[in-house]
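Survey of secondary and tertiary structure
Residues per chain are reported as follows:
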Amino acid sequence: MGDINRLTCDSLDLTVMINGVSVGAFQFPPFTGSVSRTFGFGAIAGPTYTIRLQVARQVSSGCGAIAFTADVSPWTLRM
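As a convention, each chain's residues are numbered from 1 in the sequence order in which they are written. Owing to the predicted nature of the model, reporting of local features is limited to residues with pLDDT of at least 70; listing and counting of side-chain atom pairs is limited to 80 or more, with chain, interface and lining totals taken over all residues. The basis for every side-chain value is the complete set of non-hydrogen atoms in the structure, without hydrogens or water.

1. Examining the environment of N5
- Labels follow the DSSP assignment, with helices taken as runs of H or I lasting at least four residues and strands as runs of E lasting at least two, numbered in each case from the N terminus. You can see N5 is positioned in strand 1 (residues 2-5).
- For the pair N5 and F39, spaced 34 residues apart in sequence, the C-alpha to C-alpha distance is 23 Å.
- Setting aside anything within four residues of it in sequence, one finds N5 in contact with F28, P29, P30, F31, T32, A65 and I66.
- Pairing of N or O atoms within 3.5 Å defines a polar contact, subject to two protein rules: one partner must be a possible hydrogen donor and the other a possible acceptor, and residues neighboring in sequence count only if both atoms are side-chain atoms. Polar side-chain contacts of N5 include one of 2.9 Å to the backbone nitrogen of L7. Note on definitions: a residue-residue contact is assigned when non-hydrogen atoms from the two residues lie within 4.5 Å.

Take a look at the structure:
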C-alpha cells in the first residue's frame, strides 16, 4: 500500500472511509513497505464508492514522512 515509507520513529494513524463512512482504522509503522487489513462493516449505499484514507493522527515532528501512490494500491471490496 505505501509507495515510499520514510517514517523513522512514529506510525501514521489512518482511518478508512467509504462514501464518508468510517469502516476501520490502522497504523502504518516505520520501515514498512505495505499494510494489509480486513474490515467488516454494514452496507453502504452505492452504486459508486469513494474510498479515502484520512489521517487520524499526524506523525510526530522529525519522524519522517510517507507517500502513497493511488494507482498501485489495490483495494478489494467483497459482499
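2. Here we look at the side chain of D10
- Here D10 is to be found in the loop between strand 1 and strand 2 (12-18).
- Exposure categories follow from relative accessible area, calculated using a 1.4 Å probe and restricted to protein chains: below 20% of the type maximum is buried, above 50% is exposed, and the middle band is partly exposed. The exposure class of D10 is buried, given its relative accessible area of 13%.
- One polar contact links D10 to R57, side chain to side chain, over a distance of 3.0 Å.
- Among the polar contacts made by the side chain of D10, one reaches the main-chain amide nitrogen of S60 at a distance of 2.8 Å.
- Residues contacting D10, with those up to four places away along its chain left out, are P30, R57, Q58, V59, S60 and C63.

3. Some thoughts on the sheet that holds strand 4 (residues 51-57)
- For two strands to count as paired, DSSP must find a minimum of two bridges between them. The 3 strands are arranged 3-2-4 in an open sheet whose pairing can be described as antiparallel. Each edge of the open sheet is held by one strand with a lone partner, namely strand 3 (21-28) and strand 4. With direction set aside, neighbouring strand axes in the sheet form an average angle of 30 degrees.
- Bridge count between strand 2 and strand 3: 7 bridges; the pairing is antiparallel. Bridge assignment links D13 to a residue of strand 3, and that residue is Q27. Where helices are involved, their axes are fitted lines through C-alpha atoms of the stretch in contact, as for all axes, and angles between N-to-C directions lie from 0 to 180°.

4. Some details on a nonpolar patch on the surface
- By definition, no residue in a patch forms a salt bridge, and every one has over 30% relative accessible area; like charges are joined within 9 Å, nonpolar side chains (Val, Leu, Ile, Met, Phe, Trp, Tyr) within 5 Å. Using a 1.4 Å probe, the Shrake-Rupley method yields the accessible areas, and only the shown protein chains count as cover for residues. Any Lys or Arg side-chain nitrogen located within 4 Å of an Asp or Glu carboxyl oxygen qualifies as a salt bridge. On the surface, F41, Y49, I51, W75 and L77 cluster together into a nonpolar patch covering about 480 Å² of accessible area.
- In this fold, I51 is placed in strand 4.

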